Amino acid sequence: MRADARKNHDHLLVVAGAAITEQGVDVSLRDIARRAGVGLATLLRHFPTREALLDALLRTSFDELTAKAGELETSSSPEDALVSWLRDCVAWTTEYQGVTELMAAAIEDTESALHASCVTLRAAGTRLLTRAQAAGKARSDIDGTDLFALVAALAWLGDQPALAPRADRLFEVVASAILTSAGGSDAEDEHRPRTRTRG
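The chain carries the name TetR/AcrR family transcriptional regulator in an unreviewed UniProt entry, which gives Streptomyces ochraceiscleroticus as its organism.

Caption draft 1: Representation of the overall build of the chain in the model. Counting its secondary structure elements, the chain contains nine helices and zero strands. In the chain, the succession of α and β elements from N to C terminus is α-α-α-α-α-α-α-α-α. Going through the 199 residues of the chain one by one, you find that 43% of them count as buried. Contacts in the chain between residues far apart in sequence, at least 24 positions, make up 64% of those at least 6 positions apart. Total accessible area on the chain stands at roughly 10300 Å², and carbon and sulfur atoms take up 53% of it.

Caption draft 2: Region of interest: the packing of aromatic side chains. In this structure the tally under the stated criterion is one aromatic pair. Judged by centre distance (5.2 Å) and plane angle (65°), the rings of Phe62 and Trp92 are edge-to-face. Pair noted here: Phe62 is in helix α4 (residues 50-75) and Trp92 is in helix α5 (residues 78-95), with a separation of 30 residues, a long-range link. Across the pair, Trp92 and Phe62 agree in class, each one buried.

Caption draft 3: Expanded view of the UniProt feature "DNA-binding region" (unreviewed entry) in the chain. Sites flagged by UniProt as "DNA-binding region" (unreviewed entry) map to residues 28-47. A distance of 13 Å separates the end C-alpha atoms of residues 28-47, which is 75% helix and 0% strand.

Caption draft 4: Structural context of α4. An ideal rise of 1.5 Å per residue puts 38 Å on 26 residues; α4 measures up with 37 Å between its terminal C-alpha atoms. Along its length, α4 reaches its greatest deviation from straightness, about 25°, at Leu58. By the burial criterion, the buried members of α4 are Leu53, Leu54, Asp55, Ala56, Leu57, Leu58, Ser61, Phe62, Leu65, Thr66, Ala69 and Leu72.

Caption draft 5: Local environment of the environment of Ser84. Take Ser84: it is sitting in helix α5. On the basis of relative accessible area, Ser84 is assigned to the buried category, the value being 13%. For the pair formed by Ser84 and Ala69, sequence separation is 15 residues and the distance between their alpha carbons is 9.1 Å.

Caption draft 6: Region of interest: α5. Look at α5: 26 Å from first C-alpha to last across 18 residues, which is about the 26 Å you get at 1.5 Å a residue. Counting buried positions along α5 gives 15 out of 18 residues, so the element sits mostly inside the fold.

Caption draft 7: Broad picture of the packing of helix α1 (residues 3-23) against α4. Contact pair α1 / α4: the axes reach a minimum separation of 10 Å and the direction vectors enclose 95°. One element, α1, and the other, α4, form an angle in the roughly perpendicular class. Mapping the contact onto sequence places Leu13, Ala16, Gly17 and Ile20 in α1 and Leu53, Leu54, Ala56 and Leu57 in α4. Looking at the contact of α1 with α4, its residues break down into seven nonpolar, one polar and no charged.

Caption draft 8: Region of interest: the nonpolar core. Judged by nonpolar contacts, the single largest core of 55 residues is most densely connected at Ile32, Leu82 and Trp85. Residue assignment for this core shows that the elements contributing at least two residues are α1, α2 (29-36), α4, α5, α6 (99-106), α7 (115-134), α8 (144-159) and α9 (167-178). Setting aside anything within four residues of it in sequence, one finds Trp85 in contact with Leu65, Lys68, Ala69, Leu72, Leu121, Ala124, Gly125, Leu128 and Leu147.

Caption draft 9: Summary view of the pattern of salt bridges. Counted under the stated rule, the structure contains nine salt bridges. The partner of Asp31 in a salt bridge is Arg34, with the nearest N and O atoms 2.3 Å apart. Taken as a pair, Asp31 and Arg34 lie in helix α2 at a separation of three residues, close to a single helical turn. With a shortest N-O distance of 2.9 Å, Arg87 and Glu172 are connected by a salt bridge. Of this pair, Arg87 sits in helix α5 while Glu172 is found in helix α9, placing the two residues 85 residues apart along the sequence. Given a relative accessible area of 15%, Arg87 falls into the buried group.

Scoring rules and cut-offs
Residues numbered from 1 in each chain as written. Predicted model: local features only at pLDDT ≥ 70, side-chain atom pairs only at ≥ 80, totals over all residues. Heavy atoms only, no water. Helix = DSSP H or I, 4+ residues; strand = E, 2+ residues; numbered from the N terminus. Buried < 20%, exposed > 50% of the residue type's maximum accessible area, 1.4 Å probe, protein only. Contact = heavy atoms within 4.5 Å. Areas by Shrake-Rupley, 256 points an atom, 1.4 Å probe, with all protein chains shown as cover. Phe/Tyr/Trp six-rings, centres within 6.5 Å; stacked < 30°, edge-to-face > 60°. UniProt positions renumbered as here; feature names shortened; annotations may be inferred. Expected span 1.5 Å × (residues − 1). Bend = angle between axes of the 7 residues up to and from the residue. Axes fitted to C-alpha atoms, helices over the stretch in contact; angles between N-to-C directions. Parallel < 35°, antiparallel > 145°, perpendicular 65-115°, else oblique. Nonpolar A, V, L, I, M, F, W, Y, C, P; charged D, E, K, R; others polar. Core = buried A, V, L, I, M, F, W, Y, C linked by side-chain atoms within 4.5 Å. Salt bridge = Lys/Arg side-chain N within 4 Å of Asp/Glu carboxyl O.

This is the structure in structure tokens:
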């Protein structure tokens, strides 16, 4: 791709990301083109379909979250890594309105352009969960699919205006339910998740 074409491509993704943040994944492609200062035909040359645009936009975020999981595996304790990554996933999913339903559908649809990215993201979370389970820091009766579903559920809460004020507290409840302690219930308080604010 030529430098000018790459610049236009990246600009369209930035504008699309802002539009989806405000209006959700069903935002009009014509509106995105207008915001970007180009014609609809130009947008469609870069992204022939809505799914192609969403794939390009969301895949970047999926890749970043997958890379973050890899960094946390080597830089944080098993329980802190799992909770930090879970918080980042929920925060990102909440940022894009309607993406929860999109991800839930894509991970089951092998024909979806987003399927591979969703599977890769789930695998990254599974590695962090398995690491925490091996250290005795996470309950053993959940798997990566459960974790992926919890991300979707927590993000859905954040999307609901009436429930959004409860989202942070319920995140803590869910994180505490996922984590355990090697020493059993008597040591549970010692291993409460130490959450961090997102920078």
